[in-house]
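# An overview of the molecular structure
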Amino acid sequence: MTDTTGTETISDEDLERLALAASADAELPDDAVPWSPSGRDPLIADWYMPAPTATRRDLKTRVVTAVVVGSIVAINAAGLCVTYGRVVLG
């Protein structure tokens with residue numbers, strides 16, 4: 001089976017068949033490394049723990065979150081209550 005890019009794909013059934021046919025007692029060579037398509041630390045697979053990314057959007061989200069939380073804290077510190085969505089005294 002091939003996908004839209006023309007590369008060969010393996011179905012889930014084929015992967016299951018290959019996994020069940022593999023020997024559980026097979027010896028691994030001393031220089032064997034886990035498969036990692038990104039080339040990061042090979043001891044942690046990318047599908048298990050993807051690389052963290054820091055983008056400008058993340059920074060913008062953090063700033064907006066800090067402003068909202070800071071304003072709620074400031075309103076409460078001034079003695080006003082915003083628990084029910086409206087600013088009320090007490």
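Residues numbered from 1 in each chain as written. Predicted model: local features only at pLDDT ≥ 70, side-chain atom pairs only at ≥ 80, totals over all residues. Heavy atoms only, no water.

## Observations concerning the overall build of the protein
A tally of helices and strands in the protein yields 2 helices and 2 strands. Each helix (α) and strand (β) of the protein, taken in turn from the N terminus, gives the series α-α-β-β. Counting the 90 residues in the protein, one finds 4% classified as buried. A total accessible area of about 8,400 Å² is found for the protein, and carbon and sulfur atoms account for 62% of it. (Helix = DSSP H or I, 4+ residues; strand = E, 2+ residues; numbered from the N terminus. Buried < 20%, exposed > 50% of the residue type's maximum accessible area, 1.4 Å probe, protein only. Areas by Shrake-Rupley, 256 points an atom, 1.4 Å probe, with all protein chains shown as cover.)

## Digging into helix α2 (residues 56–77)
When the terminal C-alpha atoms of α2 are compared, their 31 Å separation across 22 residues agrees well with the 32 Å that a helix rising 1.5 Å per residue should span. Positive backbone phi, at 95°, marks glycine 79, one or two positions downstream of α2. (Expected span 1.5 Å × (residues − 1).)

## Comments concerning the confidence of the model for the protein
Averaged over every residue, the pLDDT of the protein is 77; residues scoring 70 or more account for 64%. The secondary structure element of the protein with the lowest average pLDDT is strand β2 (residues 88–89), at 67, and the one with the highest is helix α1 (residues 12–21), at 88. (pLDDT = per-residue confidence, 0-100.)

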